[in-house]
Every structure is written in C-alpha cells, then in structure tokens.
Amino acid sequence: MTSGDTAIETADLAKRYGGLVALAGLSMRIPHGDVFGFLGPNGAGKTTAVKLLLGLSRPTSGEARLLGASLDDARAHREARRRVGYLPELFRYQGWLTAREVLGVHADLAGLPRSEAPPEIARVLGVVGLAARAGDRVANYSKGMQQRLGLAVALLGRPALVMLDEPTSALDPVGRHDVREIIRALKAEGVTVFLNSHLLSEVEQVCDRVAIVDRGRVIAQGTFEELLAGDTVHLRVTGGVPDDLDRFGTLDREGDRLVVRGIARERIPDLVAALVAAGARVHEVRPAQESLEDRFLSLLGHDA
Amino acid sequence: MSPALVVARLVVREVLRRRLVLALLALTLVAIVLTAWGFSRIPTLTTRGVPIGDVQVKAISAFLLILVMFMFSNVLALSAVFIAAPSISGDVESGIAQAVLSRPLPRAAFVIGKWLGLALLVAAYAVLAALIELLVVNAVVGYAPPRPLELLLFLFAEGLVLLTLGTLLSTRLSGMVGGVIALVLFGMAWLGGIVGGIGSAFENDVVEGVGIATKLVLPTDALWRGAVWALQPEALRAGGAAFGPAAAANPFYQPSAPPAAYLVWCGLWTAGMLALAVWSFDRREV
C-alpha cells in the first residue's frame, strides 16, 4: 500500500461477526483534501468501516491506513488520530458536563496545549452555532444540539481528516444547510472529509467522490462524472425501428418513445444515423444524465 | 496532562456532579450522628442500679465501633461495586466511549484512568467517614481504637479490591450483571472467611482449605479481618481468645494482623486484576 498524498487507504478490509459479514473486502483510496461520500443503505457496513479505520473495532482481515498509519501499528495509528476528528453516528456526550467542558475534555485528550484550548473551543462552538448555549449542561440539549456539539468535537484542534457518520441525522433543514456549509469550508481549508451518509442529496451537494456500498461491499466508486457517465438518451421515433439497436444499449420502447440506456455520448449520432438508415423518422433526441438516485437504486438492484 | 489523568478527573467530576455522592455523604453524616448518640448512652448504662465502670464502657465502645465500621465497610464495598461495575460498560453502551476512544489515548489509559478516579473516591470516603466516626467516638466516650491508621488502610484496601473487580467485570459485562456478580462474590468471600475459621477450629483441612482459597481468590474478607484487628483493644482480644480456636469463625474477631506475605498477595491481586481489565478492554469492540 502507498501513502503520501493519501488520507485513507484500505485493501480488502473485512469484518465478520460470527457468520454475519459486516464489511466484505473494502478497498478504496481517498486523497488528501477530498470530500468523500460513503453512501449506502442502512446496514450496508458504513459505520463498521469508520470504526475499523478509527481502531474502535478490529478487522477480521485486510489492511488499512489512516493518514499513512497502518491499523496494525498501534502507536503510529494513535499518533495519526491526533489529526483526526470524529462525529459518531451514535453521538453521545457526558450529559453532566456543559458543552464547553465536553470540548475541554476532548481538547485535553487530543493533547491540545492548555493555552490554545480556550480560543479553539470558542471557535468551534461558534462554527456549529452553540456559542450562546455553551454553558448549558449537555443533558438539557435537544438531539440536534447534541449533534452540533458532536460536530464541534470533531472540528476541535483543526484536524487534517474529519470523519462524519450521518452528521445530519438529528438536524432540521437549517442545521443540514449549516453542516453542508461547514463541510465546504473544511474543503476550502484543504481538510479531508469522510462523510458517511444514506442521504443522496447531502452527498451530491458536497462530495467530490463517492463510494456506494451495499451489504459490506463497494459496488461503485469514483467522481460523479464517472459514476453517472453511463448515460441515457430519450428519443421520439416513428416508422420502423431496426432490430439490432440493442448494440447501443438497453432499449425501452413504448409507443413512439424510445429510451436507450448505457449509451456513450459520442455514439448518439451513430444511433440516430442507424435509425434514419432503417427508414425511421426521428422527431426528438434528448440526452439525459442519470440522477444519483437513479444510479444508486439501479446499483442496489432496485428499479429507478 | 496524561490521558489517564484526564479520564480520572472526569470520573471524579462525574461522581461529584451526580447526586450519588451527596446522598452518600448525607446518609453517612446521619449514621455518624446516630452512632454518636448511641455511644453517648453507653456511660449511662447500669448493672443492678450501679453505673458500669470505665473498663466496661471502653469494652462496649470497642465492640460497638467494630460493628459501626462493619457497616461503613459494607457501604464502601457496595458503593465501590455500584460505581465501578458500570464505569466502562456504561460508556460503551451509551456511545460516549466512541468519541473518547477515537482520541489518541491507549485503551490502557482509559481503563487505568477510570480505576484511578474511582480509587480516589473510595479513598476519600473511607478516610473521611472512618476518621469522623473515630473522632466523634473519641469525643463522646473518650475511646480510641489501638491502630487507627491501619484501620483506614484496611478499609480502603477492601474497597479498592472490590472496585478493581468491578472495573474488570465492567470491561465485558453490563453494569447490572457485573454489579450482581461482584456482590455475590463479595458475600461468598465473607462466608468463606467464616467457613475457613470453622475449618481451622475443628482442624478440618478441607474446610480450612475452602477458607484459604476464598481469601486468595477475593481478599475482601481477609482485609476486613485486618480492619477488625486494627480496631480491637487488648481486652477484646483476650476475651475472644477465651473461646479458643472456634473464635476464628467470628467475623468480628481477629487476634492477629494479616501476614505481610498476604498483604503482598493483595497488592499482586489488585495489580493482576487491573492488568486483566486492560487486556480485556483492549480487545473489546466499541
């Protein structure tokens, strides 16, 4: 495995609980500075992957590196975690402490110098919009406020890598918008963000690259352009349609409507030429990019 | 600050912020006030209309103090179990441990920090409750046990042993399960001490062996016996000795201090259990 410009790298990372396969051979590489979306339905193995990367859980087999540090090298991995912020899916903080005190504990655990902690705590409280309630006990917080606190904990100390596991699950639309803005700001600062989510729109709006995971396996990964490149063209055609059109892609015909899926953009003129040559009259040609949702559902084996 | 100390400070802060400590301190003060009143009545006792003598006042006070300390040692033991048994499992179950353990701290620092924080609390309670009781008794009837320092150490050691056991169980079991197991073992160790005493009184090697085995497996009763020895004035020791070897079965009588080798064993036991707790939690999925 190589590192250097890589924030996260895994090779055949697997986790089994008895007979249950939580993660089946995850291989991926996330460059520094990327906002990476780890997308999948509930129970796909997203949280398992994050826990393995953070050393909260041990892999059954495979390898992984976090900021260049192998999971097998406990000391190096621990040092790497100094530069990692994490918001767990199950975000829970000491209810008997105030938000500021929770952040103080994490500043101590992260090894932040004593003099730097108070301004840094004030900064992250401001970023997540909790400055006014920082002196309240966490037990009195709403779920959404607790998730904002979790986000503040993850941002504390300006980490190089921020891992967010379903960061907006308890947030209202305003909160979701705020989180997207925070992620964009992190990207602008060059921070790598690993975003676990089952919310397609969230991922679509902020991520550079995505991996789609299902039943513990990555079934597709790449940039949106790469993932959604398998394109579709909608046509309105009258007259005879030749039989050998399926060489262009999968066909779907209803009346004068013809949909060809999986056709590369540059082959559309050939398709039209073939139709015209066969005596068909082409009234409309409309290339359409598949939406992430369609692609997601088709990859998971559901009809879009 | 080292990560273990950060965790220890958090434990102390949690216990102080919760109502547990307040309730325990309030009840302990009530108990001390009530016992003070009880001790103050001893000099007013009479036999056939004649007030009892100073020697008798001291003897009754000494025995009563052993019983009061038995109550405190039990409160300490139960409290140690109740706060230690969920100390780690509670954080894992609630999810608090996920955010904490993703930080650059070794699992060992987390376990040792928890243990250290709890140990400080147990020490504070043992010393405060016992010391105040001793001072109050001394003020009321003018009696002081022969070895107060040893008493404090034995009381603390008994609590420490139980909290170490509770911490170990907490690395794998939920608070309730670990707490119940620790309490049952604590009760069995107490009974084992009595059984072993009966065995030695009747020179039955098997029964005596059971007592020795329980002392080695969980040293709580033997440490309590150390506290009894520290509390016992010469008059009570002589009185107990009159019962012959059978007195060894009496959990409120202890003619001699636990041997130094046994105290070393108690230290090794505690260190071993703590090491086992670290090893166990190091392999736990969070």
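Bear in mind the structure is a predicted one, so any value in this text is a computation, not a measurement.

Calculation rules
- Within each chain, residues carry numbers counting from 1 in the order of the written sequence.
- All chains are assigned letters beginning with A, and all ligands numbers beginning with 1, in the order in which they are written.
- Since the coordinates come from a predicted model, pLDDT governs what is reported: local features require at least 70, and pairs of side-chain atoms require 80 or more to be given and counted, while whole-chain, interface and lining totals use all residues.
- By the criteria applied, helices consist of DSSP H or I runs no shorter than four residues and strands consist of E runs no shorter than two, each listed in order from the N terminus.
- Three exposure classes are used, all based on how many other C-beta atoms lie within 10 Å of a residue's own C-beta (placed from the backbone): buried at 20 or more, exposed at 12 or fewer, and partly exposed between those limits.
- The pairing criterion for strands is at least two bridges between them, as found by DSSP.
- We call two residues in contact whenever the C-beta atoms placed from their backbones are within 7 Å.
- Axis geometry follows a simple rule: fit a line to the C-alpha atoms, using only the stretch in contact for helices, then measure angles between N-to-C directions, giving values from 0 to 180 degrees.
- Three classes are used: nonpolar for Ala, Val, Leu, Ile, Met, Phe, Trp, Tyr, Cys and Pro, charged for Asp, Glu, Lys and Arg, and polar for all others, with Gly counted as polar.

**Focus on unusual backbone geometry**
Residue and element names in this part refer to chain A.
No. 1: Phi angles above zero are rare outside glycine, and Asp12 is one such case at about 50°.
No. 2: Locating Asp12 in the fold gives a position in strand β1 (residues 6-17).
No. 3: Given 13 C-beta atoms within a 10 Å radius, Asp12 is considered partly exposed.
No. 4: Notably, Glu166 is not glycine yet its phi reads approximately 50°, a positive angle.
No. 5: Turning to its location among the elements, Glu166 is positioned in the loop between β7 (161-165) and α6 (173-188).
No. 6: The exposure class assigned to Glu166 is buried, which follows from the 21 C-beta atoms found within 10 Å.

**Some thoughts on the sheet that holds β1(A)**
Each strand in a sheet pairs with its neighbour through backbone hydrogen bonds, running either in the same direction (parallel) or in the opposite one (antiparallel).
Residues and elements named next belong to chain A.
No. 1: Overall, antiparallel pairing links the four strands, which are arranged β2-β1-β4-β5 in an open sheet. In this open sheet, the two edge strands, each paired with only one partner strand, are β2 (20-31) and β5 (69-70).
No. 2: Pairing geometry for strand β4 (residues 61-66) and β5, over two bridges, is antiparallel. Residue pairing in the sheet places Leu66 in a bridge with Ala69 of β5.
No. 3: Along the sheet face, helix α1 (residues 46-54) touches β1, β2 and β4 and points at about 65° away from the line of β2.

**Side note on the interface of chain B and chain A**
No. 1: Each partner contributes to the interface: chain B provides 21 residues, whereas chain A provides 22 residues.
No. 2: Those elements giving two or more residues to the side of chain B that touches chain A turn out to be α1 (3-17) and α5 (96-101) of chain B.
No. 3: Of the residues in the side of chain B that touches chain A, the class split is twelve nonpolar, four polar and five charged.

**What to know about the sheet that holds strand β3 (residues 35-39) of chain A**
All names here are of chain A.
No. 1: The sheet built from six strands is open, its strands ordered β6-β7-β8-β3-β9-β10 with mixed pairing. Of all the strands in the sheet, just β6 (84-87) and β10 (217-223) have a single pairing partner and so form its edges. Across the sheet, the axes of successive neighbouring strands diverge by a mean angle of 15°, strand direction being ignored.
No. 2: Summarising the sheet, strand β9 (residues 209-214) and β10 pair through six bridges and their orientation is antiparallel. Within β10, the position partnered with Asp214 by the bridge is Arg217.

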